[in-house]
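Observations on the model geometry
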Amino acid sequence: LWYCKKMLIENNRVTGHRDGIYFEFVTDSKIFNNISTKQIRYGMHFMFSHFNEYFHNQFTDNDAGVAVMYSDHIYMHENSFSDNWSTISNGILLKEISDSRIENNVFEHNTIGLYAEGCERMNIKHNNFIKNGWAVKIMGDCEDNRFEENNFTVNTFEVVTNSSLSHNLFEKNFQIGR
């Protein structure tokens, strides 16, 4: 979809494409109950798309999972990001995202569960990170993000950054296993 408003993407099975679901300049839309698997690149890809919600989707076995870039006010909840595993794979890649929420998702068996670069004022809460290489990679240019009440279960690395300082809040997260 390109340059659209109030779109509804629901109950689709998408497989074998470059990007399974692609949004550019799309606002006030909902994406739910979709299955995106075995894409050459992203299961879903957002660019410059604001005030959107995606929920109850499955993004499985894609080369690089999901990318949400240069967008704000995105509500991502109750999705499954799994088996996105290669040298470049993420469950979800966030680049230049602000004022958004990521809640009640499952990130399981991805090279990187959640990768964030240049993100601010995000609330990442009640997610499950299970058996990922890196559960969360948050770059030093991310600020004022809140990671609260997430579960980290048997990941190789729980949280890593490329900075000696963090301007983000990590509170009441739980490590399970090991």
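Residues numbered from 1 in each chain as written. Predicted model: local features only at pLDDT ≥ 70, side-chain atom pairs only at ≥ 80, totals over all residues. Heavy atoms only, no water.

**Structural notes on the packing of aromatic side chains**
Two measures describe an aromatic ring pair: the distance that separates the ring centres and the angle between the ring planes. Condition: Two aromatic rings from Phe, Tyr or Trp, using only the six-membered ring of Trp, form a pair when their centres are within 6.5 Å; if the ring planes differ by under 30 degrees the pair is stacked, by over 60 it is edge-to-face, and anything between is tilted. Partly exposed residues are those whose accessible area sits between 20% and 50% of the maximum for their type, while under 20% is buried and over 50% is exposed, using a 1.4 Å probe and protein chains only. Here a helix means four or more residues in a row that DSSP labels H or I, a strand means two or more in a row labelled E, and each is numbered from the N terminus. Two limits define a charge over a ring: the Lys NZ or Arg CZ must be within 6 Å of the ring centre, and within 35 degrees of the ring normal.
Evaluation of the coordinates by the stated rule reveals 14 aromatic pairs. Judged by centre distance (5.7 Å) and plane angle (45 degrees), the rings of Phe46 and Tyr54 are tilted. Given the relative accessible area of 0%, Phe46 is considered buried. Judged by relative accessible area, which is 0%, Tyr54 ranks as buried. Aromatic side chains Trp134 and Phe157 sit 5.9 Å apart centroid to centroid with 20 degrees between the ring planes, which places their arrangement in the stacked category. Taken together, the residues Trp134 in strand E19 (residues 134-138) and Phe157 in strand E22 (residues 157-160) connect sequence positions 23 residues apart. A network of ring pairs unites the aromatic residues Phe23, Phe46, Tyr54, Phe59, Phe81, Phe107, Phe129 and Phe152 as a single cluster. Over the ring of Tyr75 we find Arg101, and its NZ or CZ is 3.7 Å from the ring centre. In this arrangement the basic side chain of Lys137 is found over the ring face of Trp134, its NZ or CZ atom lying 4.3 Å from the centre.

**Focus: the pairing of strand E10 (residues 66-72)**
Spelled out, the test is: Between any two strands, at least two bridges found by DSSP are needed for them to pair.
With 5 of 7 residues buried, E10 lies mostly within the body of the structure. With 4 bridges connecting them, strand E7 (residues 44-47) and E10 associate as parallel partners. Residue pairing across strands places Phe46 opposite Val68, the latter belonging to E10.

**Some thoughts on a negative patch on the surface**
This is how the line gets drawn: Only residues above 30% relative accessible area that lack a salt bridge enter a patch, with like-charged residues linked at up to 9 Å and the nonpolar side chains Val, Leu, Ile, Met, Phe, Trp and Tyr linked at up to 5 Å. Every accessible area reported is derived by Shrake-Rupley at a probe size of 1.4 Å, with residue values counting cover from the shown protein chains alone. Throughout this description, the term salt bridge denotes a Lys or Arg side-chain nitrogen within 4 Å of a carboxyl oxygen of Asp or Glu. Positive charges are assigned to Lys and Arg, negative charges to Asp and Glu, while His and the chain termini are left out of the count. By convention, charge coordinates are those of NZ in Lys, CZ in Arg, CG in Asp, or CD in Glu.
A cluster of acidic residues, Glu96, Asp141, Glu143 and Asp144, forms a negative patch at the surface. Its place among the elements puts Glu143 in strand E20 (residues 143-148). The exposure class of Glu143 is partly exposed, given its relative accessible area of 35%.

**Comments concerning the side chain of Asn150**
Heads up, the rule is: For this analysis, residues touch if any pair of their heavy atoms sits within 4.5 Å.
Here Asn150 lies in the loop between E20 and strand E21 (151-153). Contacts of Asn150, omitting those with residues within four sequence positions, involve Ile124, Lys125, His126, Asn127, Phe129, Lys172, Asn173 and Phe174.

These figures capture arrangement, not role.
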